[in-house]
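Here is how the chains run, residue by residue.
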Amino acid sequence: MENKKKLNNVFNVFSISAVIVLLITLWGVVFPGHMEHTMSIGLHLVNDVFGWFYVLATALFVGFCLFLGFGPYQHMKIGKKEDQPEYSYYTWIGMLFAAGMGVGLVFWGVAEPLSHYVHPPEGIEPKTQEAAEKGLLYGVFHWGIHPWAVYGIVALALGFVKYRKGLPGLISSTFYPVIGHRIRGGWGKSIDVIAIVGTTVGIATSFGLSTLQVSGGLSQLFTIHNPEVAQLSIILVVTIIFLISVLSGIDRGMKYLSIGNLTLAAVLLMTVIVIGPTLFIMEHFTLTLGTYISQLVPLSFQTTPYTDNDWLGEWTFFYWAWVIAWSPFVGTFIARISKGRSLREFIIGVLFVPALGSVLWFAAFGGTALFQETKENAGIASTVRDTPESGLFLMLEQLPFGLILSVAALILISIFFITSANSATYVLGVFSSDGSLNPSKYKLVTWGLLVSAIAASLLMSGGIKGLQATAIIIALPYTLLMFIMMIAIYKSLKREGIKEHKVEEKEDW
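Not measured: the values here are computed from a predicted model. (Residues numbered from 1 in each chain as written. Predicted model: local features only at pLDDT ≥ 70, side-chain atom pairs only at ≥ 80, totals over all residues. Heavy atoms only, no water.)

Asks: Help me out: how do you make sense of the side chain of serine 390 in this one?
Replies: Along the chain, serine 390 falls in the loop between helix H16 (381–386) and helix H17 (391–397). Once you skip the residues sitting within four places of it in the chain, serine 390 turns out to touch Gln220, Thr383 and Val384. (Helix = DSSP H or I, 4+ residues; strand = E, 2+ residues; numbered from the N terminus. Contact = heavy atoms within 4.5 Å.)

Right, dumping it as structure tokens:
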């Protein structure tokens, strides 16, 4: 027993994870060229050899979530039977968006449809009506049900062990139904280290994308002569702000920022719909929603065995790897705010509400940009393809009150930036504090600084390509862990059902 305690003390999750992240950061700072070259080789290897695995895994995650939400266990709660939700539905949805999708939707809502318009998947002619329609469809596909299924599995696994079994809020705890008390030893600590490192890189990817977009927005509004210095300055300022926010606590900081940002996003969305090409937007919304529903299954299993994986690697493989890499963070945060909700309510709120919001967002922002490009000859698509961070602002410039809308968008991005970094730092603190929901300020500050440092490092060593490559590579081991996590969830639900001699009675929500 004494030797076991000594081993656990040596195998300190916080110290080992922090050192690994620090080494990755130093690699990018000291040897940026070497890191970029190595990550590029790794990216092509993973795309060519394991791309199909990401596609199949994510499709299975969606199917499993649908089984949980509409199968025999749909009325079981995340928590005890008598537990009630802590947050109102509006606040809950706002916090979901802020943590899991806000930054990405704002960044890619214009950039992705226009990129697909000028560089569509193989077999589609660029700059055609088909390319425009497929551009919106793929945008919705990448930001619809699939990423939220990944987050949902992690959140449910954590929610059940935390609120039903009283185990620490750690990724290793979710494996208790499979490996039992070994979660407290080397196996469990290894799982937590993998989760923390992967989560940190996934967060840094989002952090880097946000930095690029804030920098791009400032460049559109003001003249910036040195974008690299501007990006590092943005990271510094945002780091100070989100550290102040995270130290103030989740209820005071994250809650009110999320509500405010959801409201600002809704106002910006409705403004674009009203003053933009309204009829074009609503027609595209209807078309894209119907196409997405009808083609969801074939899209979910799409691979290219007879050609290379360049397009899928740049888009679909990257997205699935990215969301898997930072799913421990988003899943933990969703579990933290979803106590008391039934599986049915959870799946509807986590999968379908964000998916519907993504369709409307892409139809409004991506549809407006496509209208400007195809009907008004705006000539912005090629620029957006090369510099996706400029897409939103180039589109807003073409609308009435373009300057005001661009400023509002910059504020929206900045708050999403802060809320994502806020919640991510909190979750990393929980992971490295044996699951404590009140991690020390020292650990919160350490992780905040490391996330900022690795984001800056990745930007210096390869820009957006470096961010994508790192996310795709680092997600591979965690994908394997998520398969075991699904088995653990099913075993937990089955045991609970047997214990109660039946599935819980239907409850209104």
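Asks: Looking at this structure, I do not really get the packing of helix H6 (residues 129–143) against helix H13 (residues 310–325). What am I missing?
Replies: Pairs of packed helices are described in terms of their axes, by the angle between the two and the distance that separates them. With their axes 10 Å apart at the nearest point, H6 and H13 run at an angle of 25 degrees to one another. Taken together, the axes of H6 and H13 lie roughly parallel to each other. The residues of H13 that touch H6, namely those facing Tyr138, Phe141, His142 and Trp143, are Trp311, Trp315, Thr316, Tyr319, Trp320 and Trp322. Considered class by class, the residues forming the contact of H6 with H13 number eight nonpolar, two polar and no charged. (Axes fitted to C-alpha atoms, helices over the stretch in contact; angles between N-to-C directions. Parallel < 35°, antiparallel > 145°, perpendicular 65-115°, else oblique. Nonpolar A, V, L, I, M, F, W, Y, C, P; charged D, E, K, R; others polar.)

Asks: For this particular structure, what's the right way to read the confidence of the model for the chain?
Replies: Segments scoring low in pLDDT should not have their predicted coordinates read at a detailed level. Taken residue by residue, the chain gives an average pLDDT of 83. The fraction at 70 or more is 90%. Mean pLDDT across the elements of the chain bottoms out in helix H1 (residues 2–10) (44) and peaks in helix H12 (residues 278–300) (95). Within the model, pLDDT remains below 50 along residues 1–10, and this stretch shows four contacts once partners closer than five positions in the same chain are excluded. In this model, residues 503–509 is a region of pLDDT below 50 whose contacts with residues beyond four sequence positions or in other chains number 18 contacts. (pLDDT = per-residue confidence, 0-100.)

Asks: Please clarify how the packing of helix H2 (residues 13–30) against helix H3 (residues 32–70) should be interpreted in this entry.
Replies: For the pair H2 and H3, interaxial distance at closest approach is 5 Å and the crossing angle is 110 degrees. Taken together, the axes of H2 and H3 are roughly perpendicular relative to one another. For the pair formed by H2 and H3, the contact residues are Ile24, Trp27, Gly28, Val29 and Val30 on the first element and Pro32, His34, Met35, Thr38 and Met39 on the second. In the contact of H2 with H3, the residues fall into seven nonpolar, three polar and no charged.

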